[in-house]
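One letter stands for each residue in the lines below.
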Amino acid sequence: MKKILFSFILAGSAASLSYGSSHREAPLIANDPLADNTDVYAFKSPDDPNSITIIANYIPTEFRNGGPNYYSFGENIRYEIHVDNDATTPGDDITYRFTFSKINQDPTTFFAVRLGQENAKTTYMIEKSTDGGATFTTFMTGLAVPPPNIGERSIGNAPVGLGAANYDALIASSIYATPEGGQVFCGPSDDPFFVDLGGIFDLGDAPRQNNGGVVRDGLAKFNTHSIAIKIPVTVLQKDGLGVSSAANILDPNYVIGVWASASRQTTRTLTAGSQGYAGNWVQVSRLGMPLTNEAVIPVGKKDFWNSLTPYQELAETTLDEHFYNPELALYMDDSIYGGAVPAFAGLRIQRNSLQGFDFGNTQDGLWPLKGTAAVAGTALDDAVFGTLLLPAAGKPRSVDLWPIFHTGVPNLAPYQLATGKNGNPLASGKPFISNFLPNGGDMLRLNMAVPATPRNSAAFSSMGLVNAAVLGLTDPAYNTTTTIQFIPNMDGFPNGRRLEDDVTRIELQAVGGVVLAAIGLWYDDYNASSSAQSPVTNYLLNVLNYSTGVEQNDVAFKTSFPYVASPWAGKD
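Scoring rules and cut-offs
Residues numbered from 1 in each chain as written. Predicted model: local features only at pLDDT ≥ 70, side-chain atom pairs only at ≥ 80, totals over all residues. Heavy atoms only, no water. Helix = DSSP H or I, 4+ residues; strand = E, 2+ residues; numbered from the N terminus. Rg over C-alpha atoms; globule rule 2.2 N^0.38 Å. Buried < 20%, exposed > 50% of the residue type's maximum accessible area, 1.4 Å probe, protein only. Areas by Shrake-Rupley, 256 points an atom, 1.4 Å probe, with all protein chains shown as cover. Lys, Arg positive; Asp, Glu negative; His and termini not counted. Charge placed at Lys NZ, Arg CZ, Asp CG, Glu CD. Pairing = 2+ DSSP bridges. Phe/Tyr/Trp six-rings, centres within 6.5 Å; stacked < 30°, edge-to-face > 60°. Lys NZ or Arg CZ within 6 Å of the ring centre and 35° of its normal. Core = buried A, V, L, I, M, F, W, Y, C linked by side-chain atoms within 4.5 Å. Contact = heavy atoms within 4.5 Å. Polar contact = N/O pair within 3.5 Å; in protein donor to acceptor, adjacent residues only side chain to side chain.

Going by what an unreviewed UniProt entry lists, the protein is known as DUF4331 domain-containing protein and is assigned to Fluviicola taffensis.

### Observations concerning the overall build of the protein
Each helix and strand in the protein was counted, giving 15 helices and 14 strands. For a compact globule of 572 residues, the expected C-alpha radius of gyration is about 25 Å, and the protein comes in at 24 Å, within 12% of that figure. The principal-axis extent of the C-alpha atoms belonging to the protein is close to 80 × 55 × 45 Å. Taken over 572 residues, the protein has a buried fraction of 58%. Carbon and sulfur atoms provide 54% of the accessible area of the protein, an area that totals close to 21,500 Å². For the protein, the distance from the average site of its 36 positive side-chain charges to the average site of its 54 negative ones is 3 Å.

### Comments concerning the sheet that holds strand E11 (residues 223-232)
Reading across from one edge, E1-E2-E11-E10-E9 is the order of the 5 strands in this open sheet, with antiparallel pairing throughout. The open sheet has two edge strands with one neighbour each: strand E1 (37-44) and strand E9 (176-177).

### Description of unusual backbone geometry
The amide bond that connects Ala158 to the next residue, Pro159, takes the cis arrangement and shows omega of 15°. Residue position: Pro159 is located in the loop between helix H2 (152-156) and helix H3 (167-173). Backbone torsion omega between Phe561 and Pro562 reads 15°, so that peptide bond is classified as cis. Here Pro562 shows up in the segment after helix H15 (538-544). In this structure, Leu203 takes a positive phi of about 50° despite not being glycine. Looking at the element boundaries, Leu203 is found in the loop between helix H4 (197-200) and E11.

### A look at the pairing of strand E7 (residues 121-129)
The pairing of strand E4 (residues 94-103) with E7 spans 9 bridges and is antiparallel. Looking at E7, one finds that Phe98 is bridged to Ile126.

### Considerations on the packing of aromatic side chains
Taken as a whole and judged by the stated rule, the model has 18 aromatic pairs. Here the aromatic cluster, defined as three or more aromatic residues joined through ring pairs, consists of Tyr58, Phe73, Tyr79, Phe98, Phe100 and Tyr124. Looking at Arg97, its charged tip hangs above the ring of Phe136, at a distance of 3.7 Å from the centre. When the ring centre of Trp305 is taken as origin, the NZ or CZ atom of Arg286, which lies over that ring, is 3.6 Å away.

### Considering the nonpolar core
Generally speaking, soluble globular proteins have nonpolar side chains that are buried together. Counting residues in hydrophobic clusters, the biggest one holds 139 residues, and the most contacted among them are Phe98, Tyr124 and Phe344. Every residue in contact with Tyr124, bar those within four places of it in the chain, is listed here: Phe98, Thr99, Phe100, Thr141, Gly142, Leu143, Ala144, Val145, Tyr176, Val184, Phe185 and Cys186.

### Overview of the environment of Gln355
Mapped onto the secondary structure, Gln355 falls in the loop between helix H9 (327-330) and helix H10 (382-385). For Gln355, a relative accessible area of 37% corresponds to the partly exposed category. Once the C-alpha coordinates of Gln355 and Leu521 are considered, the two residues, 166 residues apart in sequence, prove to be 9.9 Å apart. Among residues more than four places away in sequence, those in contact with Gln355 are Asp524, Tyr526, Asn527, Ala528 and Ser529.

### So, helix H12 (residues 464-474)
In terms of burial, H12 is a largely internal element, 10 of the 11 residues being buried. All of the buried residues along H12 are Gly464, Leu465, Val466, Asn467, Ala468, Ala469, Val470, Leu471, Gly472 and Thr474.

### Looking at helix H13 (residues 503-511)
Along an α-helix, residues three or four apart share an orientation, since each turn contains 3.6 residues. Extensive coverage of H13 is indicated by the burial of 9 of its 9 residues. If you check which residues of H13 are buried, you get Val503, Thr504, Arg505, Ile506, Glu507, Leu508, Gln509, Ala510 and Val511. At the exit of H13 stands Gly513, carrying a positive phi of roughly 90°.

### Thoughts on the pairing of strand E10 (residues 183-190)
For E10, the tally of buried residues reaches 7 of 8 residues, placing the bulk of the element in the interior. Summarising the sheet, E9 and E10 pair through 2 bridges and their orientation is antiparallel. Paired with Tyr176 across the strands is Val184, a residue of E10. Count of turn residues in the E9/E10 antiparallel hairpin: 5 residues, of which Gly181 carries a positive phi of about 95°. In this structure, E10 lies alongside E11, joined through 8 bridges in antiparallel fashion. Note that in E11 the partner of Asp190 across the bridge is Asn223.

### Brief notes about the environment of Gly66
With respect to the secondary-structure elements, Gly66 resides in the loop between strand E2 (51-62) and strand E3 (78-84). Overall, the relative accessible area of 16% leaves Gly66 in the buried class. For the pair formed by Gly66 and Asn149, sequence separation is 83 residues and the distance between their alpha carbons is 9.7 Å.

### Section: the environment of Ser154
Residue position: Ser154 is located in helix H2. In this structure Ser154 comes out as buried when scored by relative accessible area, which is 18%. On a C-alpha basis, the gap between Ser154 and Gln283 in space is 36 Å, while along the polypeptide they are 129 residues apart. Apart from the residues lying within four places of it in its own chain, the contact partners of Ser154 are Val113, Gly161 and Leu162.

### Re the side chain of Arg348
Residue placement: Arg348 occurs in the loop between H9 and H10. Look at Arg348 and you get buried, because its relative accessible area is 14%. At a separation of 2.9 Å, a polar atom in the side chain of Arg348 contacts the side chain of Asp334. At 3.4 Å, the side chain of Arg348 and the backbone oxygen of Gly338 are in polar contact. Look past the residues within four positions of Arg348 in its chain and what remains in contact with it is Tyr331, Met332, Asp333, Asp334, Gly338, Gly512, Tyr523 and Val543.

### Topic: the side chain of Glu313
As for its placement among the helices and strands, Glu313 is situated in the loop between helix H7 (302-307) and helix H8 (321-324). Those residues in contact with Glu313 that sit more than four places away from it in its chain are Arg286, Trp305, Leu308, His406, Gly441 and Asp442.

Right, here's the structure in full:
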């Protein structure tokens, strides 16, 4: 029976194990689309094991036919990609700043492109800081942004258009080699985020319970603007070391935190036919982990959240409560509103795990273990990481959701797979993640030593670490020892974020307690007193097989930099 259940899990994982990130997520930024940071990705470049690709997308839900004034990066905005690689130093260790400029080559026409000339032609410069943003030096200048994908006459025809071979040729000509040995591209792209927006925001109706269960990717055929940069690991690693110098694939010295932001000046002055900007720069948008501001932070605090840096979150403690006791968990708990949200019926939090631990909102979770001999030497021991992970009673998700979003997790018990633990979640188990970087709040944390899962591999899964955990617990190739092994998709979300990762589904499963289960805190239908029972119970299967119904992007990604798909054309 156990073998059948394991096979069922694997089949379910491959078939289903997917959500949009921060599109118009806060009241103020919803009115400022050019500065709206919609998604951030950071992943081992699938065609280059010695580099990391970071992609920051801005401008949500661009229509394909945007003329006469198509979408473009804003001129008076500081777009920045931030990297933290050393928890012992405050703030950013590396910052790349992108500044855009436009000119009209032929102001006598209403067309965006005509007779080989381009209006609102956009170029940019990059500056770099390695002192926490105190000073910047010029990194690259005079770089071109390809125009919107207006249509074949505007792009390809000569002499009426630009006379390019095709739109992909324009993209190729807009990829530049960086002085560090990487690459950079800025321009329009297909929006890689996929989610049933209509279902999700109808009070959690995902998968949809009506309309015949028909779902719809709310971002299908929409474009966005991407800032993509490929950076050698030797540039990002805190000591300048390459991947080959890593002690193992979970070497903690290879962890980076990545986030992106947009800032504007405080004063905008309007005069007849023009505008001017002045004053100090103020952060108006930021993003690290997907869906934080969109689906975790309540509307009354969203603008405030956008104004903070992850480092300022260290001192700000009121926002933490939304991770300790997440709103979404209310709809996965039958004692509260669970029965009113049937779409989440398969997602049920552990209320009586191992017949002793309650992770329902306002309950104590693992707090009863605080200071006991049972947690000695584990990540929950105050002597190891202070009070980070068990701060107080009544904060049940301080041990899973909070660290996933705020610190990453160490390769240390209890954050190891249940394989080899022999029923004790606090024992050492199978290592499968090490991205602990406790130097701030919301960032996308990535261990650069972990190899990439080939995108053409049958083992590749959009379920990221959830898939790796399932394999580590059930596949004989990985579950017979507690030694470190590369398990496919250990390079997936939330260890960084790949374009393909179904972050909506993964995060909903995480709220439903899947991380707790992976480390041995099994669901309520597991009888801890029966050593013969499989922990792969019906509740766990329900969580693993949960799907929103939208599980992949509407168009395939490219196999080489910048990896994002080309933007939809105006006539598509």
